[in-house]
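This is what each chain is made of:
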Amino acid sequence: NDSSGSNKNPNRPSRNIKVEVFNSSNASVTNKSGTITYQTGSGKFTGNIDMGTLASGNYNVKVKSDGYLRRLISGIQTITLGQTYNVPAVNLVTGDINNDNAINILDYNILISCSIFSVDNHAACNVNSQYIALADLEDNGAVNQFDYNLFLRELSVQNGD
């Protein structure tokens, strides 16, 4: 789930996602990337990621998508080798425009540079071609006051991992 909330017709209906799996000692066991796609019926992003030959056991699972904070899926995930496992739904926090797993002044500067209010001719936004899409937090094709307001809200609830 993303936190853009009200936009039920996202401009980018598919997203990259990285899934990281950790054992009970918090040692990384595996990480894989894949794609999730927006489902209009449920209003959620879903997808399948083949994690390879992950041994049966109890794991901690973290997910990260471009522009969002990495998040630990709550609870211990009990996985059985060879069986499909559906992770519980998780809400990701948007606003990590530069993908450093933090929402801070660096993301704010990119957001403002990419916005319709830019006075620097999109200087920071022009540094990386992905910034314009990732600064569009509401994912409606425009970086404007709605993205700014969403950024401010996400600052108060950022609880990535």
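Residues numbered from 1 in each chain as written. Predicted model: local features only at pLDDT ≥ 70, side-chain atom pairs only at ≥ 80, totals over all residues. Heavy atoms only, no water.

### Brief notes about the state of the cysteines
Then, number 1: As enumerated under the stated definition, the model contains one disulfide in all.
Then, number 2: Across a sulfur-sulfur distance of 2.1 Å, C114 and C125 are joined as a disulfide pair. What sets the handedness of the C114 and C125 disulfide is the S-S torsion sign, and at about 105 degrees it is right-handed. In this pair, C114 sits in helix α1 (residues 105-114) while C125 sits in the loop between α1 and α2 (131-135), placing the two residues 11 residues apart along the sequence. Of the two residues, C114 and C125, both sit in the buried class. (Disulfide = S-S within 2.5 Å. Helix = DSSP H or I, 4+ residues; strand = E, 2+ residues; numbered from the N terminus. Buried < 20%, exposed > 50% of the residue type's maximum accessible area, 1.4 Å probe, protein only.)

### Considering the packing of α1 against helix α3 (residues 145-157)
Then, number 1: Here α1 crosses α3 at 170 degrees, and the two axes come no closer than 10 Å. Taken together, α1 and α3 sit at an angle that is classed as roughly antiparallel. Residues D107, Y108, L111 and I112 of α1 lie in contact with α3, whose contacting residues are D147, Y148 and F151. (Axes fitted to C-alpha atoms, helices over the stretch in contact; angles between N-to-C directions. Parallel < 35°, antiparallel > 145°, perpendicular 65-115°, else oblique. Contact = heavy atoms within 4.5 Å.)

### Quick look at the pairing of strand β2 (residues 28-39)
Then, number 1: Where strand β1 (residues 14-22) and β2 come together, nine bridges link them in antiparallel fashion. Looking at β2, one finds that S14 is bridged to T37.
Then, number 2: Counting the residues in the hairpin turn of β1 and β2 gives five residues, including N26, whose phi is positive at 65 degrees.
Then, number 3: With three bridges connecting them, β2 and strand β3 (residues 44-46) associate as antiparallel partners. Across the sheet, the residue bridging to Y38 is F45, located in β3.
Then, number 4: Hairpin connection, β2 to β3: the antiparallel pair is bridged by four residues, and G43 has positive phi, about 75 degrees. (Pairing = 2+ DSSP bridges.)

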